[in-house]
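# Working through the structure, step by step
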Amino acid sequence: MVLLSVLTPVLALILCLVLGFMLVKSRGTDATSTEQNKGATKGDFRPWVDQDLQDDTEIAAEGEDDWVDSREVEDLAHVPYSPPRYPEETMRQRSKDFYTLMNQRRSVRFISPEPVPRQIIDDVILTAGTAPSGAHTEPWTFVVVSDQEMKSQIRNIVEEEEEVNYRQRMGDKWVHDLAKLRTNWIKEYLDVAPYLILIFKQTYGILPNGKKKTHYYNEISVSISCGMLLAALQNVGLVTVTSTPLNCGPQLRLLLKRPANEKLLLLLPVGYPAADATVPDLKRKSLNEIMVHI
């Protein structure tokens, strides 16, 4: 009994020390977690990045039977490739001519309602479809809208969300940086342009048998395709403005009845420039500012 009476305070002290250590460690972990979250909120949070656009080519462990087995894919034949080869002087001239053409490209927000032949739109989209893609999955869908009622519905969705973006989501700095471009949430060109092209990235493919196919680097692949589409539009004398309608993707996907594996990446109003169209007098960086030669 004497021994027990002596040990009891010691055991109680040890227990208190252990509990105290665990409490301090727990608080430290919570504080670290809070600081990390604060850092993510202040430093890493980017309101202009739509969560729908995050590229994820990982296949979840669950439902693996829904995905196609790569071993089921047949071997692909390879064929000779011999593109035209030009004399050096011709190469120089072609490179200068193409630069001159593309240097005239501008983002134009004043678009004419004048009709554009549908075949032209088909051809420029075919050109965009020649872009490289991860494992040649071609993870893009180009939705061309010319129906006036549908264009009006798209405009309503975009303007409603864009007003919230300008007033709340984007922040004063972003809105201030856009002020010199004289842009706001009013998007008249969505009604006026003869065509709207909405480019969706396919986060995965769906085969005729219902199985899913991984689309590697789907966002990067579609972005390259969009760049080629801009070049093709410039080549035929049409104009556009690259629009990334923040927080509109899910609504527009449902409106256009696109499947769940497709996410909106870009919206392009396409047509001839309006007769009174103006653009900001911007200057582009010089070669030395954008290239490092090692």
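Starting from 1, residues in each chain are numbered consecutively following that chain's sequence as written. Owing to the predicted nature of the model, reporting of local features is limited to residues with pLDDT of at least 70; listing and counting of side-chain atom pairs is limited to 80 or more, with chain, interface and lining totals taken over all residues. Side-chain numbers come from the whole structure's heavy atoms, not from hydrogens or water.

It is worth spelling out the packing of aromatic side chains at this point. Ring pairs (aromatic) are described by centroid distance and by the angle formed between their planes. Pairing of aromatic rings covers Phe, Tyr and Trp, the last through its six-membered ring, and needs centres within 6.5 Å; plane angles under 30 degrees mean stacked, over 60 mean edge-to-face, and all others mean tilted. Scanning the model with the defined rule gives 1 aromatic pair in all. Between Trp67 and Tyr204, the ring centres sit 5.7 Å apart and the planes meet at 65 degrees, which makes this aromatic pair edge-to-face. On the criterion of sequence distance, the pair formed by Trp67 in the loop between helix H1 (2-44) and helix H2 (88-103) and Tyr204 in strand S3 (residues 204-206) is long-range, its members being 137 residues apart. For the exposure calls, accessible area comes from a 1.4 Å probe over protein chains only, and a residue counts as buried if that area is under 20% of its type's maximum, exposed if over 50%, partly exposed in between. A relative accessible area of 17% means that Trp67 is categorised as buried. Above the plane of the ring of Tyr204 lies Lys212, whose end atom (NZ or CZ) is 5.0 Å from the centre. Counting from the N terminus, the helices are DSSP H or I runs at least four residues long and the strands are E runs at least two residues long. In this scheme, Lys NZ or Arg CZ marks a charge over a ring once it lies within 6 Å of the ring centre and within 35 degrees of the ring normal.

When pLDDT drops low, the exact placement of atoms in the prediction is not to be read closely. A residue's pLDDT is the confidence the predictor assigns to it, expressed on a 0 to 100 scale. Put simply, the protein has an average pLDDT of 81, and 68% of its residues get 70 or more. Throughout residues 28-62 the model reports pLDDT below 50, and contacts reaching past four residues in sequence, or to other chains, amount to 29 contacts. Any two residues having at least one pair of non-hydrogen atoms within 4.5 Å are treated as being in contact.

By secondary structure assignment, the location of Val144 is in strand S1 (residues 140-145). By relative accessible area, Val144 is classed as partly exposed at 27%. Separated by 125 residues in the primary sequence, Val144 and Pro269 place their C-alpha atoms 9.8 Å from one another. Apart from the residues within four sequence positions on either side, Val144 is in contact with Ile121, Ile125, Tyr195, Leu196 and Ile197.

In this section: the sheet that holds strand S5 (residues 262-270). Strands are treated as partners if at least two bridges between them are detected by DSSP. On the basis of which strands lie adjacent, the open sheet formed by 3 strands has the order S1-S2-S5 and antiparallel pairing. Both outer strands of the open sheet, S1 and S5, are each paired with one neighbouring strand and no more. Within the sheet, the average angular offset between the axes of one strand and its neighbour, ignoring direction, is 20 degrees. Two strands pair when backbone bridges link them, and strand S2 (residues 195-202) and S5 are joined in this way by 8 bridges, in the antiparallel orientation. Pairing of Gln202 across the sheet is with Glu262, part of S5. Whenever a helix is involved, its axis is fitted only over the stretch in contact; in every case the axis is a line through C-alpha atoms, and angles between N-to-C directions fall within 0 to 180 degrees.

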